[in-house]
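# Examination of the molecular architecture
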Amino acid sequence: MILLNTNSSVVKKFPEKVKEFGKFDLSQQINFTDRIIDRLLKSAPPYKLKQISSVLKNLSSTKKSLINSKILSIQKPFHELTQKQREHTFIKWSTSQYASVRKIYKSFTMLICATFWLNPYNFNPVIGYPGADPEANGSRFSSRNFPKYNFLEISDHDSDIKEFDTIIIGSGAGGSVVAARLARMENVLVIEKGHHYDQCDLSTEQQDGYDKLYELSGGMLTDDSNMYVLAGSNFGGGTTIGWSAFMEPQYFVREEWAKNFGLPYFMEDEYGNAMKYINARLGTNTINIIHNQSNQTLINGCKKLGLHSDNIPQNTASITHQCGWCSFGCKYGEKQSATMTWLNEAKSNNAKFLKNCYVEKILIDKDGKSQKVMGVEVIINNIKRVKIHAKRVVVSAGAIHSPALLLRSGLKNKNIGRNLHVHPIAAVYGVFPNKEIKTYSGTIMSAISNATENVDGENYGAKIVVGSHHPGFMFANFPWKSNLQHKQLMLEYNNIVPLMVITRDREGGRILTDENGKPRLEYKLSQHDSKSMVAGLLTAVRILAAAGATKIGTCQTVIDDYIVENGVNPLNDPKFDQFLNKIKKVGIPTYQTCTGTIEQMSSCRMGDDPNKSAVNPVGEAWEVENLYVADSSVLPTATGVPSMVC
């Protein structure tokens, strides 16, 4: 069997299980269709379900059509094809001249791989993955005390509530800080559409983590289905699932905001002092970092090439934090998320909290020319509709939901929802067969290279880091090319170092709303930003080669892996140069590259001109008095660093 020849430690440990894995056929699993349907119902909004339904009807049609025979290259219903024919068809679709066909290839391979690897029929041991964090219920967890929160219970008789000075919508990085500050002075209510999970509720299992803590169970996509979108949806927001990286915006970014958007505050001492306070409060530093194998490989490769590398400050209360499962919530409370810090401070000052509460619209008093905020109308637990009044409303629902809420509340400023930046991600991987990398373990993101941060000469480019590559995230960043290729890749999982290229995108996308007022994320990577991404990919590949990888692959569907021949230095190998040239030539074609976003910002950007911004320099909406926005959506441009700190 070919899989037994894979150069991987798990093959030697579990040869019989590898044979079983090689023969495994998903089509024979009776419950897999139900799992697919469940995944779709959790992650796909109604308009996407209609699109998927239309495609499936066409693929299963018994009527011969021009679309099926010519464009899709199948002569009979898809379900009547043999397993080999289906695989061959998907491979053919991956290189189709028609974008609509490549979209089918990418959408369904991602859906199937995601559904499988989030709960892989007891095959985790075959790839060397432990599943839940082995330490999850040990002394590291049981020895700590965690903040406890009480949430308001709204009785069936309450439909109109008038006891709060300020309502804050969202409990993440923006809303939590505002709550901590305002709760010292007035009656504050924090509303969260997600649920709250105590540390004891965090299983650290992939499926459970995505279902509980992420927007659309981690299955959100851009409007065209070309990019995955990860965003938090829980009490604590993105801070609950963040990777502990904590970087301040660089000088050139703040200078751009001051000069181009009339925001001198970002260059003043007051801003610098605020950053010092936040860093001190979170215990942010680089002193106690212990790099895992992946981050150390990034550093080693950069050193050999003479490229920049540095440590990333960690927001972990000045202690060592080796928790590879933090993307599913920090079981140990070491990461200084909002629930461990700002929300706890707000609670101590008698702030009140509502969970599982969806804000349908902001209530606005329209008195002649002036408009003033009155409160919000909410739906609690998808059942009870309530009006809650306040003299001030702060929208901190994140760069996806904040503009959607403003739009469905009737605000007309043309900049609401526009200028969306997402730090687009692309990735490469290197195989190190003689090292147990276990990229999912240890400190997640502790090293960075800025070698390609200024590709265009105007400080737009890409940074190179390591991410939280559990199996479900791994599949999202590297394409399925065939059954054999995919299984071989996963057998090498424990020996893989994945590097992520995070692009500081200059061109923006847009948040729209569907017929139900829910957000739709419209985003296409521009030519300018594609060049930045490719520059990052090329450098990341060279870093892996310098660090000693024996095989290197990319996120691009049409590019075969580069394999290092025995005794050959890839940096002096003409074949390696050809590999690099092909990466550059292919670029980032739609539906033929795995790309995504783990950060969104700028969709309600601030500025001194209502024709160019959605809110004024203090975050107040241009149209409505006492309506503020306080989250990453107000940042004028992409930051180039994790946006939770700005």
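Residues numbered from 1 in each chain as written. Predicted model: local features only at pLDDT ≥ 70, side-chain atom pairs only at ≥ 80, totals over all residues. Heavy atoms only, no water.

### A look at the overall build of the chain
Selection rule: Helix numbers and strand numbers start at the N terminus; a helix is a DSSP run of H or I with at least 4 residues, a strand a run of E with at least 2. Summary of the burial criterion: residues with accessible area below 20% of their type's maximum are buried, those above 50% are exposed, and those between are partly exposed, where the area comes from a 1.4 Å probe applied to protein chains only. To be clear on the numbers: accessible area is Shrake-Rupley with a 1.4 Å probe, and residue cover counts the displayed protein chains and nothing else.
Counting secondary structure elements, the chain contains 21 helices and 24 strands. With respect to the principal axes defined by its C-alpha atoms, the chain has extents near 70 × 60 × 50 Å. For the chain, the proportion of its 646 residues judged to be buried stands at 59%. Element-wise, carbon and sulfur atoms account for 49% of the exposed surface of the chain, whose accessible area totals about 26,700 Å².

### Focus: unusual backbone geometry
Despite not being glycine, Asn 381 shows a phi value in the positive range, around 55 degrees. In this fold, Asn 381 is placed in the loop between strand 11 (370-380) and strand 12 (384-389). A positive phi angle is found at Asn 459, which is not glycine, with a value near 70 degrees. With respect to the secondary-structure elements, Asn 459 resides in the loop between strand 16 (447-452) and strand 17 (462-465).

### Re the UniProt feature "domain: Glucose-methanol-choline oxidoreductase N-terminal" (unreviewed entry) in the chain
Put simply, the test is: UniProt positions are given in the numbering used here, feature names are shortened, and annotations may be inferred rather than shown by experiment.
Within this structure's numbering, the places UniProt gives as "domain: Glucose-methanol-choline oxidoreductase N-terminal" (unreviewed entry) are residues 210-424. Helix makes up 30% of residues 210-424 and strand 23%, whereas the separation of the span's terminal C-alpha atoms amounts to 20 Å.

### Notes on the layout of surface pockets
Applicable threshold: Space inside and on the surface of the protein is sampled on a 1 Å grid over the protein atoms alone, with a cavity defined as a set of points where a 1.4 Å probe fits but cannot get out and a pocket as an open set with protein on both sides within 12 Å along at least 5 of 7 lines; lining residues have an atom within 4 Å of a point. Grid points are joined across faces, edges and corners, and a volume is the space filled by probe spheres set on the points. Nonpolar residues are Ala, Val, Leu, Ile, Met, Phe, Trp, Tyr, Cys and Pro. Charged residues are Asp, Glu, Lys and Arg, and all others, Gly as well, are polar.
Taken as a whole, the second largest pocket holds about 1,400 Å³ of empty space. Taken together, 38 residues form the lining of the second largest pocket, with Leu 26, Ser 27, Phe 32, Arg 86 and Ile 112 sitting closest to its centre. For the lining of the second largest pocket, the secondary-structure elements that each account for two or more residues are helix 2 (15-23), helix 3 (32-43), helix 4 (46-60), helix 6 (83-93), helix 7 (99-117) and helix 19 (483-491). Examining the composition of the lining of the second largest pocket, we find that 7 residues originate from one element, helix 7, more than from any other. Residues that form the lining of the second largest pocket fall into these classes: 23 nonpolar, 10 polar and 5 charged.

### A word on the environment of Ser 633
Where we set the bar: Whether two residues touch is decided by their heavy atoms; if any such pair falls within 4.5 Å, the residues are in contact.
Mapped onto the fold, Ser 633 is located in the segment after strand 24 (627-629). Judged by its relative accessible area of 0%, Ser 633 falls in the buried class. C-alpha separation for the pair Ser 633 and Tyr 271, spaced 362 residues apart in sequence, amounts to 18 Å. When neighbours within four sequence positions are excluded, Ser 633 is seen to be in contact with Ala 399, Ser 402, Met 601, Ser 602, Ser 603, Cys 604 and Arg 605.

### What about the pairing of strand 13 (residues 392-395)?
Short version of the rule: DSSP calls a pair of strands paired once it identifies at least 2 bridges connecting them.
When strand 2 (residues 166-169) meets strand 13, the two strands line up parallel, connected through 4 bridges. The partner of Ile 167 across the bridge, within strand 13, is Val 393. For strand 13 and strand 24, the ladder comprises 3 bridges, and the chain directions are parallel. Within strand 24, the position partnered with Val 395 by the bridge is Val 629.

### Overview of the side chain of Asn 124
Mapped onto the secondary structure, Asn 124 falls in helix 8 (residues 124-127). With residues near it in sequence (within four places) discarded, Asn 124 still touches Tyr 129 and Gly 131.

### A few points about the side chain of Ser 337
Residue position: Ser 337 is located in the loop between strand 8 (314-315) and helix 16 (342-348). Setting aside anything within four residues of it in sequence, one finds Ser 337 in contact with Thr 239 and Thr 240.

### What about the sheet that holds strand 3 (residues 188-191)?
Strand pairing in a sheet relies on backbone hydrogen bonds. The paired strands run either parallel or antiparallel. Stated formally: Simply put, an axis is a line fit to the C-alpha atoms, just over the touching stretch for a helix, and the angle between two N-to-C directions goes from 0 to 180 degrees.
Strand order across the open sheet formed by 5 strands is 9-3-2-13-24, with parallel pairing between neighbours. At either end of the open sheet lies a strand with only one pairing partner, and these are strand 9 (352-354) and strand 24. Each neighbouring strand pair of the sheet contributes to a mean axis angle of 20 degrees, computed without reference to strand direction. Along the sheet, helix 10 (residues 173-182) makes contact with strand 2, strand 3 and strand 13, crossing strand 2 at roughly 160 degrees.

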